[in-house]
Amino acid sequence: MAKMSEFIIAATSSGCGKTTFSLGLMRALRERGEEVRPFKCGPDYIDTQFHCIASGRESVNLDSYMASGQYVKNLYMRRSCGGTVSVVEGVMGMFDGYERMSGSSADMAILLGLPVILLVNAASTAYSVAAMIHGFKTFRPEVNVVGVVFNRVSSERHFSFMKDACADAGVECLGYIPRSVGLQTPSRHLGLTISGREEMERFVVAAAEAVSSHVDIDRLLEITSRTSVKEYDFEKQTDADKRVLRVAVARDDAFNFIYPENIVALGVHNVEYFSPLHDTALPADVDIVYLPGGYPELYAAGLEANKAMRSAVKEYVERGGKLIAECGGMIYLTRDIDGVEMCGVIPTSTTMKDARLTLGYRTVELPGLTIRGHEFHYSRLTEPGVYESAARLTDVKGREVATPLYHYKNTYAGYTHLYWGDSDILKLWKL
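Presented here is an overview of the structure given in this document. (Residues numbered from 1 in each chain as written. Predicted model: local features only at pLDDT ≥ 70, side-chain atom pairs only at ≥ 80, totals over all residues. Heavy atoms only, no water.)

**Structural notes on unusual backbone geometry**
Move 1: One non-glycine residue, Arg-152, lies in the positive phi region at around 60 degrees.
Move 2: Position of Arg-152 among the secondary structure elements: in strand β6 (residues 145-153).
Move 3: The class for Arg-152 is partly exposed, based on a relative accessible area of 26%.
Move 4: A positive phi angle, close to 55 degrees, is found at Asp-285, a residue other than glycine.
Move 5: Tracing the backbone shows Asp-285 in the loop between β11 (271-274) and β12 (288-291). (Helix = DSSP H or I, 4+ residues; strand = E, 2+ residues; numbered from the N terminus. Buried < 20%, exposed > 50% of the residue type's maximum accessible area, 1.4 Å probe, protein only.)

The structure is reproduced here in C-alpha cells:
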C-alpha cells in the first residue's frame, strides 16, 4: 500500500500565522514534487482560494457543523485520493469551536484521526512556552500533537529557548519561521483579481522560502506518515453528474465565494460559469442560476455598467426562472448599493454605511428541507422587511436570528452562505 503524510496545522490562538505557515508549507511541498491535497477547517471561503494558489490544487472546507461527521470523513478521504500529502489548515485556536471545542481544529483531528502540528507564536516569549505546549499536548490526550513549529522567531538564540521548551514539554520541535515584515498576509480582499493573485504569489514564494530554510520538512513528513488505505475514485463517488438539469454559476472578480462541494452536488458536468461583470447574457437554456457571494461592493461600478446582464437576470427571475443567491449574490439582486444601480429584483437597497460585522453559523429551516450555512457580512439592507422570510433561521444555540431568506417567484436569496454538499438543494423547487 502507498504511504502518505497527513496532518492538521493548529495554533494556540488566532493570529499566530496558521495561514502563513500553511501556504508556505504547501508551496514548499509542491516544489519538492509532492501531490498536495489542501483542506480548510471551518466555513472560510477565502483561505481555500489562497490554498489553491500555493498548492496548485482546489482546496475544500471540512466543517462538522454544516455537514455530518460521516460526510466530512468521506469527503476528506475522497479528496485526499491520489495525493502524497494532505494538509489541513485549522481554524482559530486549536480548541476554539462554535460551542466549546465542537467544530474546532482539535475536534476535526479526532474525527479524522489526524496528527496535529502545533504552531506557536514565539513573539515576546521564551522558555515560558513550555507550559503552553505541555498544556496543549495534555489537555485532551486523544488529540495527537506530534510536533511544534514556532512563528515570529527573532534570532537563533531566541529559537534555542524554543527548542529547550519543546524538549521539556515532551513534544518534538520541527523548526520555525523568522520574524519578517515580508511575511504579513496580504489583504483578504484580494479575491481572484490578476493584481491580487500576483501579490499573493509573491507572499507565497516568500513564505515557502522561510519554511524550506527553517522547518525540517523531511522530519515533519516522517512523523505524519501512514499507510494509505484510500481507494476512492473521485469521479465515481457521486451520481450528481447523471442529473439532466443545467446550472449557470456566476464566477468572476465580484462573485467567487463558492464551496466546491456545492458544485459537485449540482453535477460538475452540468455547470456552466458566467460573469455578471463581463458577459451580456445568461447561458442559454439553463434550469437554475446560482449567484454566490463575493465582493460586489468593490465592483459596483462595473456591475452597474453591464446593464445587459442586469436586465437579463431580472427578466429571468420575472419569468419564473429558478435562482438562488447568497450574500453578495443577493446584494446584486437589490435595487442599488449606496446609489449604484443593481438588478432591482428585491425592492430594497444595500448600504455599506455604518456597517457592522454580522457572522455566525446558521440553520435554515424550510418546508421539507433543513440546510446549514454561515453568515459573514458588513453590509446591511435599508428595508430588510420587504418580504416575509421564507425560512426560520437559527444560530448554533438554536436562537432565532433576524436574517431573512427571501422567496420571490422561483428565486431564493439571503445573506447566508449555504452548504448543500450534504443535502439536496433541489428540494427548494421540489425537484
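**Describing the packing of aromatic side chains**
Move 1: Evaluated as defined, the whole model comprises 18 aromatic pairs.
Move 2: Between Phe-39 and Tyr-76, the ring centres sit 4.9 Å apart and the planes meet at 45 degrees, which makes this aromatic pair tilted. Separated by 37 residues along the polypeptide, Phe-39 in strand β2 (residues 36-41) and Tyr-76 in helix α3 (residues 69-80) bring together distant segments of the chain. When sorted by exposure, Phe-39 lands in the same class as Tyr-76, which is buried.
Move 3: Ring geometry for Phe-376 and Tyr-378: centres 6.1 Å apart, planes at 85 degrees, overall edge-to-face.
Move 4: Among the aromatic residues, those joined into a ring-pair cluster are Tyr-45, Tyr-71, Phe-257, Tyr-259, Tyr-295 and Tyr-419.
Move 5: The ring of Tyr-273 has Arg-251 lying over it, and the distance from NZ or CZ to the ring centre is 3.6 Å.
Move 6: Cation over ring: Arg-372 sits above Tyr-65, and NZ or CZ is 4.0 Å from the ring centre. (Phe/Tyr/Trp six-rings, centres within 6.5 Å; stacked < 30°, edge-to-face > 60°. Lys NZ or Arg CZ within 6 Å of the ring centre and 35° of its normal.)

**Examining the pattern of salt bridges**
Move 1: Inspection of every chain in the model, using the stated rule, returns 21 salt bridges.
Move 2: The residue Arg-78 makes a salt bridge to Glu-261 at a minimum N-O spacing of 2.7 Å. Remark: Glu-261 occurs in helix α9 (residues 260-266) and Arg-78 occurs in helix α3; sequence separation between them is 183 residues. Like Arg-78, the residue Glu-261 is buried in the burial classification.
Move 3: In this structure, Glu-375 and Arg-362 form a salt bridge, with 2.7 Å as the shortest nitrogen-oxygen distance. In this pair, Glu-375 is assigned in strand β19 (residues 369-377) and Arg-362 in strand β18 (residues 358-366), connecting sequence segments 13 residues apart. In this structure, Glu-375 and Arg-362 share a single accessibility class: buried.
Move 4: A network of salt bridges, in which partner residues are shared, links Glu-58, Arg-78, Arg-79 and Glu-261. (Salt bridge = Lys/Arg side-chain N within 4 Å of Asp/Glu carboxyl O.)

The values reported here are purely geometric and, on their own, carry no functional implication.
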